[in-house]
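Chain and residue survey
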Amino acid sequence: MAKLNLLLLAVLVACALGLVTSQHKARKLFAELEREHARARELDIDYGRLQLEASTWGLHSRVEKIATGALGMRPVDARRVRIVERDAGR
């Protein structure tokens, strides 16, 4: 009977250690998951900010202002435009 009690005690201690270890690992993984969720939220905010910046940089009025001011370009004169049609054989 004493051997059986010692065996059951050893099994009980092993199960208790397994439970403590698995709970600790689960808590560590949950903390890591929360950090990754926070990082994902930060990346979403950055992505939205970058989309807004890209749309601002590509505004027609801004592009036209830079083209006329910095690059010295001007709108094309309609009299100088030539339309070239594609060959029908192609």
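Further up the page is the structure itself.
First, a word on what this report is: a plain description of the structure on this page. All figures in this text were calculated on a predicted structure; none of them were measured in a lab.

**Here's the deal with the overall build of the protein chain**
Across its full length, the protein chain carries 2 helices and 0 strands. Computed over its C-alpha atoms, the radius of gyration of the protein chain comes to 35 Å, more than 25% above the 12 Å expected for a compact globule of 90 residues. With the C-alpha coordinates of the protein chain rotated into their principal frame, the extents come out at 110 × 45 × 15 Å. Per-residue burial over the protein chain gives 1% buried out of 90 residues. Counting 16 positive and 11 negative side-chain charges, the protein chain places the centres of these two groups 4 Å from one another.

**A short note on a nonpolar patch on the surface**
A surface patch of nonpolar side chains, about 540 Å² in accessible area, is lined by M1, L4, L7, L8 and V11. Note that L7 resides in helix 1 (residues 2-57). Taking relative accessible area as the criterion, L7 reaches 51% and is therefore assigned exposed.

Basis of the calculations
In this numbering scheme, every chain counts its residues from 1 along its sequence in written order. Predicted model: local features are reported for residues with pLDDT of at least 70 only, side-chain atom pairs are reported and counted for 80 or more only, and whole-chain, interface and lining totals are derived from all residues. Only hydrogens and water are removed before side-chain values are computed, so all heavy atoms of the structure are retained for them. The helix and strand labels rest on DSSP assignments: H or I over at least four residues marks a helix, E over at least two residues marks a strand, and numbering proceeds from the N terminus. Between the two quantities, the radius of gyration covers C-alpha atoms and the globule rule is 2.2 Å times the number of residues to the power 0.38. Exposure categories follow from relative accessible area, calculated using a 1.4 Å probe and restricted to protein chains: below 20% of the type maximum is buried, above 50% is exposed, and the middle band is partly exposed. Working convention for charge: Lys and Arg count positive, Asp and Glu count negative, and His plus the chain ends are omitted. Positions of charges follow a simple convention, taking NZ of Lys, CZ of Arg, CG of Asp or CD of Glu. Patches draw on residues past 30% relative accessible area with no salt bridge. Two like charges within 9 Å are joined, as are two nonpolar side chains (Val, Leu, Ile, Met, Phe, Trp, Tyr) within 5 Å. All accessibility values rest on the Shrake-Rupley procedure with a 1.4 Å probe; residue burial counts only the protein chains present in the view. When a carboxyl oxygen of Asp or Glu is within 4 Å of a side-chain nitrogen of Lys or Arg, the pair counts as a salt bridge.

Take it as geometry only, folks, not as evidence of what the structure does.
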